[in-house]
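# Structural overview for review
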Amino acid sequence: MRIAKSALIQPGGNVAYAVSAVAISLFAFAYSLRFGQVAILLYYALWLPLIAVDYRKVLGNYNRYIWIYAFAAFAFLSVFWSAAPSVSLRAAIQYLTQVLCALIAVRVMDVKTLTLGIVVGIAFVLVYSLLFGRYELDVIDNTYSFVGAFASKNQLGFYASLGVIACVATVFIFGERRLWMAAAGIVGLLSAYILAICQSATSVLTTVVVLALMVGLRVVLTLTPDQRKLLVIGGGTALVVLAVAGVYLGAVDAVLGIFGKDSTLTGRTYLWQQGIAAAAENPYFGVGYQAYWVQGFSEPERLWEEFFIGSRSGFHFHNTYIEAAVELGLVGLLIVVLTLLTILWGHLRRLIEDVRNDGSYLLFTIAVLLTTRSFVEIDILTPYTVGTFLFYFCAGKLMSARRQPDFSAWARQAQPEPLAH
C-alpha cells in the first residue's frame, strides 16, 4: 500500500496526519518526564522521517533560517566554556533537534492545521491530568492547588491557556463549524475549568490579556491597513502609559491580591536577585547552556534547599531573560531578545499590512502569550516543551511567502447573477 506524499507533507492536504502529529507531540511534551525516552522518540518519529519523503520540500532552503538557529548554535558553542560540558552538550543537541522538528512542521503544515492539532492535543493532556492528577501543597504560599499529572501548576496552567486560545481561534479566526466547533466548545470549557482549579495566577492573567488582545485585533482588522497602523500606534502608546500608571498607583499589588499573592511573587523577586548576582559572575558568555542547575554545585544546592525542592531538579529562575543571562551571558540574552522581537514585529507587521492574514493573527497572539509568560517562566529555553516548539514555529512561518486573499475574485463571485428575460 502506497501513501501519497500530499497526505504527509502537503499543507492543507495532510490534515489527518498533521493534526495527529501535533496532538501526540503536545502529549509527549507534557508528560515526557513520566514516560521518559519513549515519549521523546515518538516525537522524533512523527517529524524527522518526513525528510525521507521529500527532503527538498521538507527542509527547503535552510540558509533563510540561520537567524532562527542562532540561540541553538550558541548553546552548542557554550560547551567549550561550560561549567558542566557533558550536560551542555546533551542539552544543546536536544534543543537543536527540537528546533529542526519545529521547522519541519512549518514546511508541512499551515497554521489552521496547527490550531486543530492543539485543540486535540490539549484535550488529551487535560483529560489525562484529570484522570491521573493530584492536588499538591505549595510550601511557599501554603495553599493547595491542582497540578494534574505535572510537577507544577504553572505548566498545567500553560496548557490550559493554550487550550482556551486555540479553541477561540478555531471558531472566531478560522471559522470552523459543526464538529470542530463542538469540539472547540468542549475543550475550551475544560481548559477554563482547569485554569480555575489549578490557581495559577500567571496562567489566568496571561490568558485574560491574550483574549483581550484577540478581541481588540478583531476590531482593528475591520479597518483598512493604513487605519490599522494609526490605531495600533495610538493604542500601543496608551497601553504603555496605563501600564506605567498602574504600577505606580498600586494596580499590580491589587491584582496579585486577588490571587492571594504579594509583591514578592511568592519568593520570585528574591530568586531573581540571586539570578542577577549569578549572571554578574560570568557576564558575557555565562556558565554554559543548562550548566547552572547541576547537582553538586554549591549555589543551586543552596537555592534548592531554600525553596524546598527535594528532587533537586526541574527548578529555574522563573524569568527567561535572567535564566538566559546566567547560562549564556549577555550574548545569549541578546539573541533571545532579538529573536523574540523579530517574531512579534514580523507577525504584527503582516497582520497590519495584509488585507487578511489569519495565520499571523493567531501566531502573533501566541507570541504575545510567550512574551508575557517570559517574565515569570522559561517556556522557550528548554528542549521538549510546547513553548519551544511554538516559539520556533512562529519564527519559521515568517519565512513563508505572504499570501493575501484575492478579494476582487471574491467580489466577482458575490455579484448576483443577471435575471433571465
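Since we're looking at a predicted model, the values are computed, not measured.

Of the regular secondary structure elements, the protein chain holds 20 helices and 2 strands. Sorting the 421 residues of the protein chain into buried and exposed places 48% on the buried side. Sequence separation of at least 24 residues holds for 76% of the intrachain contacts in the protein chain that already meet a minimum separation of 6. Summed over its atoms, the accessible surface of the protein chain is roughly 20400 Å², and 67% of this surface lies on carbon and sulfur atoms.

Per the counting criterion, the structure on display carries 31 aromatic pairs. The rings of Phe27, Tyr31, Phe35, Tyr128, Phe132, Phe150, Phe158 and Tyr159 are connected pair by pair, giving a single aromatic cluster. The residue whose ring lies beneath arginine 373 is phenylalanine 158, and the NZ or CZ to ring-centre distance is 4.1 Å.

Taken N-terminus to C-terminus, the directions of helix α4 (residues 37–47) and helix α8 (residues 85–108) make an angle of 35°; their axes are 9 Å apart at the nearest point. When you trace α4 past α8, the crossing you get is left-handed. Residue-level inspection shows Tyr43, Tyr44 and Trp47 of α4 in contact with α8, the latter providing Gln94, Thr97, Gln98, Cys101, Ala102, Ile104, Ala105 and Val108. For the contact of α4 with α8, a count of residues per class yields 8 nonpolar, 3 polar and no charged.

Looking now at helix α7 (residues 70–77). When we look at burial in α7, the residues that qualify are Phe71, Ala72, Phe74 and Ala75. Looking straight down α7, one finds that the buried residues subtend no more than 165° of arc, so they occupy a single side.

Time to look at the packing of helix α17 (residues 320–353) against helix α19 (residues 386–397). Two elements in contact, α17 and α19, have axes separated by 9 Å at closest approach and are oriented at 55°. For the element pair α17 / α19, the angle class is oblique. Crossing hand, α17 versus α19: left-handed. Counting all contacts with α17, which are made through Thr339, Leu340, Ile343, His347 and Arg350, the residues of α19 involved are Phe391, Cys394, Ala395 and Lys397. Grouping the amino acids of the contact of α17 with α19 by side-chain chemistry returns 5 nonpolar, 2 polar and 2 charged.

This model, assessed by the stated rule, comprises 9 salt bridges. One salt bridge in this structure joins glutamate 377 and arginine 268, with 3.5 Å as the shortest N-O distance. Taken together, the positions of glutamate 377 in the loop between α18 (358–373) and α19 and arginine 268 in helix α15 (residues 268–281) put the pair 109 residues apart, joining distant regions of the chain. For the pair formed by glutamate 377 and arginine 268, the shared burial category is buried. Among the ionic pairs, aspartate 379 bridges to arginine 373, the shortest N-O distance being 2.7 Å. Taken as a pair, aspartate 379 and arginine 373 share a single burial class, namely buried. Residues participating in the shared-partner salt-bridge network are Glu299, Arg302 and Glu306.

What counts, and where the lines are drawn
Residues numbered from 1 in each chain as written. Predicted model: local features only at pLDDT ≥ 70, side-chain atom pairs only at ≥ 80, totals over all residues. Heavy atoms only, no water. Helix = DSSP H or I, 4+ residues; strand = E, 2+ residues; numbered from the N terminus. Buried < 20%, exposed > 50% of the residue type's maximum accessible area, 1.4 Å probe, protein only. Contact = heavy atoms within 4.5 Å. Areas by Shrake-Rupley, 256 points an atom, 1.4 Å probe, with all protein chains shown as cover. Phe/Tyr/Trp six-rings, centres within 6.5 Å; stacked < 30°, edge-to-face > 60°. Lys NZ or Arg CZ within 6 Å of the ring centre and 35° of its normal. Axes fitted to C-alpha atoms, helices over the stretch in contact; angles between N-to-C directions. Left-handed = near helix turned anticlockwise from the far one by under 90°. Nonpolar A, V, L, I, M, F, W, Y, C, P; charged D, E, K, R; others polar. Arc of directions from axis to C-beta. Parallel < 35°, antiparallel > 145°, perpendicular 65-115°, else oblique. Salt bridge = Lys/Arg side-chain N within 4 Å of Asp/Glu carboxyl O.

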